[in-house]
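Overview (structure and organization)
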Amino acid sequence: MNKLGFQDFLRHIWRNLFVAFLLAIICILVSCMYSIYSYEYGRYKPIEKIGIKNGYYVGGDNTDLLNLSFEEELAKLEGIEDIYYINNVSMSIDDKYPCVLAYESWVWENWEARLKSGTWFSEYNKNDRCIQIVISSNFGDYKPGDELVAVADNKMIRCVVKGIMQPGAEVLCSESYTADDQTYNSFYSNMEGEGGVVLMQQEAADDLELMCLQGSSWSLIKYEEELSDEKVLANQKRLVYLTAAMGLPYDSFVENSKDYLYEKIAVYIPMIVSGIVLAMIALLTVAFINVKTGSRNYSIFYLVGANRKECFKIASGNAIGTILLSAMFFLAGEQLVARYAKKANIVFNLNMGSKLLALGLYIVLGIFMIVCMKLAMKKNSPMEVLREHKI
């Protein structure tokens, strides 16, 4: 931005401050919406990544899933390829008895609990000296990197704390079933309790040959891809009987989940669209006012030999200064919102996606403001500007 453009920016400083502040608020709202979307999509992602094309969602208290009677009934069904659920491991850690959940790769590779400190699971390696665990904030006064001793099935196991969850953070393993919520949302709950929650990788439990019991109140049954429609229907009828009708076909479950995801986001879309339209109207108005009030200066520039293109560069400097000032307000405001969200235990993820979205919005609005100024300057020719000011 050249010197004359900077002077033009200062000449209209109060209008520019208003526009910059308005743009910053709108970009923060867009960032918040993206944060909500990324959080909700992150909750849905594990179910999406399983890649079940044909199957059945089993809700309700199905702790009998591993019992012999239920296994025998499942064996009678044709084309059952796999069953997905969350295991519970009986384990004491540092002489405490938390709720220990074992996550398979389809969970921990595609979803992360909200962490207060530390990191999420990294790639499992059976040759590591310690198994990785992520603990709830109420489990004990530990910090990331601490090594703990666990006992399970008369085996002594060394554990390293990878991360500590935020207070009240959800885990993927609901203990209860709600008939009117047959979506991915029913997979999550706050299970901190008095003893706390500890998460581990199922691969570690398998290598250590630990006894696991189903801990989730839901299961996802995956059929073989080549299973015929007739056999799918027969399986479905049998599963409805076995689960007391607390379930539904997997494609219906996915449809319900997508509807729920859209509903969580759709409520914010009108607000964001209205905000962007308001910002564009404000930019259009301010651009024309700034050009109009600065036309006398432009007429003087014309007299000393400047052409319209050079005057446009000066006006563009004003627009660029407004956008840069707004970006500074946005970064400061985003940090304030993030701090408040952390204290209030509200989901607000400051990630690269939200910053890139805000950057893209600033670029679009900046170009729009420059185009508006160009249109405003084209409205009158240099001679008309000189005549208007009787120069």
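My aim in this report is to walk through the structure given alongside it, one point at a time. Keep in mind that this is a model prediction, so the values were computed, not measured.

**Observations concerning the packing of helix α2 (residues 13–50) against helix α7 (residues 250–266)**
Their axes nearest at 10 Å, the elements α2 and α7 cross at an angle of 170 degrees. Classed by the angle they form, the pair α2 and α7 counts as roughly antiparallel. Contacts from I36, Y37, E40, Y41, R43, Y44 and I47 of α2 reach α7 at Y250, F253, V254, S257, K258, Y260, L261, K264 and I265. Residues that form the contact of α2 with α7 fall into these classes: 11 nonpolar, 1 polar and 4 charged.

**Thoughts on the pattern of salt bridges**
As enumerated under the stated definition, the model contains 7 salt bridges in all. The residue D146 makes a salt bridge to K143 at a minimum N-O spacing of 3.4 Å. Classification of K143 by relative accessible area gives exposed; the value is 54%. One salt bridge in this structure joins E147 and R158, with 3.2 Å as the shortest N-O distance. Of the two residues, E147 sits in strand β8 (residues 147–152) while R158 sits in strand β9 (residues 155–165), which places them 11 residues apart along the sequence. Connected via shared salt-bridge partners are E40, R43 and E170.

**A short note on the side chain of T183**
For T183, the position within the fold is in the loop between β10 (171–172) and β11 (188–189). Since its relative accessible area comes to 7%, T183 is described here as buried. Discounting chain neighbours no more than four positions away, the residues touching T183 are F253, N256, S257 and Y260.

**As for the sheet that holds strand β15 (residues 247–249)**
Spatially, the 4 strands line up as an open sheet ordered β2-β14-β1-β15, and their pairing is antiparallel. Bordering the open sheet on either side are β2 (80–84) and β15, each of which pairs with just one other strand. The average undirected angle you get between the axes of adjacent strands in this sheet is 15 degrees. With 4 bridges joining them, strand β1 (residues 55–58) and strand β14 (residues 219–223) adopt antiparallel strand pairing. What sits directly across from G55, in β14, is K222. In the packing of α7 onto the sheet, the strands contacted are β1, β14 and β15, and the crossing angle to β15 comes to about 100 degrees.

**Examining the pairing of β9**
Bridging between strand β6 (residues 115–118) and β9 involves 3 bridges; their strand directions are antiparallel. In the strand pairing of β9, L115 is matched with M165. Sheet analysis places β8 next to β9, joined by 6 bridges and oriented antiparallel. Across the sheet, L148 pairs through a bridge with C159, a residue of β9.

Rules used throughout
- Residues numbered from 1 in each chain as written.
- Predicted model: local features only at pLDDT ≥ 70, side-chain atom pairs only at ≥ 80, totals over all residues.
- Heavy atoms only, no water.
- Axes fitted to C-alpha atoms, helices over the stretch in contact; angles between N-to-C directions.
- Helix = DSSP H or I, 4+ residues; strand = E, 2+ residues; numbered from the N terminus.
- Parallel < 35°, antiparallel > 145°, perpendicular 65-115°, else oblique.
- Contact = heavy atoms within 4.5 Å.
- Nonpolar A, V, L, I, M, F, W, Y, C, P; charged D, E, K, R; others polar.
- Salt bridge = Lys/Arg side-chain N within 4 Å of Asp/Glu carboxyl O.
- Buried < 20%, exposed > 50% of the residue type's maximum accessible area, 1.4 Å probe, protein only.
- Pairing = 2+ DSSP bridges.

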